[in-house]
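Architecture at a glance
Here is how the chains run, residue by residue.
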Amino acid sequence: MDARAIIAKVRQGDAPLQEELVWFARGLADQSVSDAQAGAFAMAVCLNGLSDAGRAALTLAMRDSGECLHWNVDAPVLDKHSTGGVGDCVSLVLAPALAVCGAVVPMISGRGLGHTGGTLDKMESIPGLRVDFSNAGFRRVLDAAGCAIVSASADVAPADKRLYAIRDVTSTVQSLDLITASILSKKLAAGLDGLVLDVKCGAGAFMKSPQDAQALARSLVDTANHAGCITTAVISDMNQPLASSLGNALEVTEVMRVLCDGATGPLVDLSVVLGGILLAQAGLSDGTDTGEDMIRTTLADGRAAEQFGKMIYAQGGPVQFAENWRRFLPEATVIREITAPVDGYISAIDGEALGLCVVALGGGRQTETDVVDPAVGLSDVVRLGQYVRKGEPMLRIHASREDKARAIEANVLSAIQLADVPSSDAPLILERIT
């Protein structure tokens, strides 16, 4: 077969054959498909799309481009995945809570993509922590802590690892087909018994409209269930950051406030909903309501924090991170307040613009080789409907230098709109798709 011919088919709107997609995925994995060809393929799919059958074939071909894991455990193997938002650190809250409730949680996660933060980048803001393990090392972490948040090893879905990095720097992130194949190739290779998907919808998400979010949720659920993994999707609101901070160490701080200090809010609420669905699916609770109660209890009584500390230590982090987390996380040298220009209610927040500000500060990647600064980002971001007076802070910029903070001030200000009257509240959970 020929990569050029397959790319031409997709570019012309013709459906590639299943065996062609299998061949292309193997070529991504073994480097016989070049970076240029991979980028051209991603752009062709982004512009013209694949059929339902083509999407499923690409997903399974990318899954089968490497090793599929199998777990010899007497507990359900569960996981969750978010399609990408801002201030979204649910994975770090939910993984230890699920482990306390009797699940094994092998989370194969990704790095920042476009304007969204990456779970692996957040984890690596913890000193000494590793996310790159062999499959044997992955098992050792799970044995020690019941949960692990790691990158896909070179043996797991290598075709996706290659295409994922290329999509990030070729403006081909926003494709239903590529998002579906990327997410599920890794998740299906992880040997899961159950999966819950958090499909974001709104200004800070890749899917801006409810219709696009529904289409992606349905694509993911249908493809995963077809492959034999029991899967439910939740469509959640992303018209404002989920937590009040954006940036790697700053989001870990948000997580530790939940696990150790009893903080509440949308981050906890969404974690509880997703966990309740997973526990009910796996038969670890009598239903979603009971499952939600179980998750909320583990967060409140400190058991999830203890389990999180075990995971951090098993992955090479500090031995007493959960007890002394404030002293371990890096801090920016420059912190600048952005204040309200007038009195008013917060009426809109452009989460994508704020996410790109974090990237510009060095908290994300603009090229594949960029080194992420874990300390930079935005904190104390206002919430929709909140009333602020002129001169009151709307957020804080955390930067490595004064000039970098100044460079994004105008963009930060333009991302937050004020109005004379409060807007109506949108629900956090918009829809469930099974």
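Quick summary incoming for the structure in this document. (Residues numbered from 1 in each chain as written. Predicted model: local features only at pLDDT ≥ 70, side-chain atom pairs only at ≥ 80, totals over all residues. Heavy atoms only, no water.)

1. Observations regarding the overall build of the chain
Per the secondary structure count, the chain includes 17 helices and 12 strands. Whereas a compact globule of 434 residues would reach a radius of gyration of roughly 22 Å, the chain reaches 21 Å, a difference of no more than 12%. Across the 434 residues in the chain, those meeting the buried criterion constitute 56%. With an accessible surface of roughly 16,900 Å², the chain has 48% of that area assigned to carbon and sulfur atoms. (Helix = DSSP H or I, 4+ residues; strand = E, 2+ residues; numbered from the N terminus. Rg over C-alpha atoms; globule rule 2.2 N^0.38 Å. Buried < 20%, exposed > 50% of the residue type's maximum accessible area, 1.4 Å probe, protein only. Areas by Shrake-Rupley, 256 points an atom, 1.4 Å probe, with all protein chains shown as cover.)

2. Topic: the sheet that holds strand β7 (residues 344-349)
Spatially, the 3 strands line up as an open sheet ordered β9-β7-β11, and their pairing is antiparallel. Two strands bound the open sheet, and with one partner strand each, they are β9 (387-388) and β11 (416-419). One ladder, built from 2 bridges, connects β7 with β9; its direction is antiparallel. Across the sheet, residue G344 finds its bridge partner in β9, namely V388. (Pairing = 2+ DSSP bridges.)

3. A few points about empty space enclosed by the protein
Considering all chains together, one arrives at 2 cavities of 30 Å³ or more under this definition. A volume near 380 Å³ is recorded for the largest cavity. Around the largest cavity, the lining is made up of 28 residues, and of these H81, S82, T83, G84 and Y164 lie nearest the centre. For the lining of the largest cavity, the secondary structure elements donating two or more residues are β1 (78-82), α5 (90-100), α6 (119-123), α8 (158-169) and α9 (176-189). Of all the elements, α9 adds the most residues to the lining of the largest cavity, at 5 residues. When grouped by side-chain class, the residues that make up the lining of the largest cavity number 8 nonpolar, 13 polar and 7 charged. There is about 170 Å³ of room inside the second largest cavity. Lining the second largest cavity are 21 residues, and of these H115, T116, G117, V358 and G363 lie nearest its centre. Of all the secondary structure elements, the ones that give two or more residues to the lining of the second largest cavity are α11 (248-261) and α16 (351-363). Taken together, the residues of the lining of the second largest cavity sort by class into 5 nonpolar, 12 polar and 4 charged. (1 Å grid on protein atoms, 1.4 Å probe; cavity = no way out; pocket = protein on both sides within 12 Å on 5 of 7 lines; lining within 4 Å. Points joined across faces, edges and corners; volume = space filled by probe spheres on them. Nonpolar A, V, L, I, M, F, W, Y, C, P; charged D, E, K, R; others polar.)

4. Some words on the nonpolar core
Within the largest apolar cluster, 78 residues are counted, with the highest numbers of intra-cluster contacts made by L299, L378 and I397. Look past the residues within four positions of L299 in its chain and what remains in contact with it is V93, A97, V258, L259, V268, V272 and A304. (Core = buried A, V, L, I, M, F, W, Y, C linked by side-chain atoms within 4.5 Å. Contact = heavy atoms within 4.5 Å.)

5. Comments concerning the side chain of S285
Here S285 is to be found in the loop between α12 (266-281) and α13 (288-300). Judged by its relative accessible area of 11%, S285 falls in the buried class. Within the structure, the side chain of S285 is placed 2.8 Å from the backbone oxygen of G287, a separation counted as a polar contact. Beyond its immediate stretch of four places on either side in the chain, S285 contacts L279, A280, T290, G291 and M294. (Polar contact = N/O pair within 3.5 Å; in protein donor to acceptor, adjacent residues only side chain to side chain.)

6. Comments concerning the packing of helix α2 (residues 18-30) against α8
Viewed as axis vectors pointing N to C, α2 and α8 meet at an angle of 75°, and their least axial separation amounts to 7 Å. Put simply, α2 runs roughly perpendicular to α8. Contacts from A25, G27, L28 and A29 in α2 reach P158, A159, R162 and L163 in α8. Residue classes in the contact of α2 with α8 are distributed as 6 nonpolar, 1 polar and 1 charged. (Axes fitted to C-alpha atoms, helices over the stretch in contact; angles between N-to-C directions. Parallel < 35°, antiparallel > 145°, perpendicular 65-115°, else oblique.)

7. Some points on the sheet that holds strand β8 (residues 377-379)
Here we have 3 strands laid out as an open sheet, ordered β6-β10-β8, and antiparallel in their pairing. The open sheet has two free edges, formed respectively by β6 (334-339) and β8, since each of these has just one partner strand. Between one strand axis and the next, the sheet turns by 30° as a mean value, whatever way the strands run. Looking at chain direction, β8 and strand β10 (residues 393-399) are connected through 3 bridges and run antiparallel. Bridging across to β10, S379 finds its partner in R396. Sheet contacts for α16: β8 and β10; angle to β8, the most-contacted strand, approximately 130°.

8. Things to note about helix α15 (residues 321-328)
An α-helical turn contains 3.6 residues, so a residue and the one three or four places further along point in the same direction. Taken as a whole, α15 has its buried residues at F321, A322 and W325. For α15, the angular spread of the buried residues around the axis is 70°, confining them to a single face. Away from its buried face, by an angle of more than 90 degrees, α15 presents the exposed residues E323, R326 and R327. Lining the buried residues of α15 we find α11 and α14 (303-314). (Arc of directions from axis to C-beta.)

9. Re the layout of surface pockets
Within this model, the largest pocket holds a volume of roughly 430 Å³. If you go around the largest pocket, you meet 18 residues; those closest to its centre are G110, R111, K161, Y164 and A165. The greatest single-element share of the lining of the largest pocket, amounting to 6 residues, is contributed by α8. Its residues placed into classes, the lining of the largest pocket shows 7 nonpolar, 4 polar and 7 charged.

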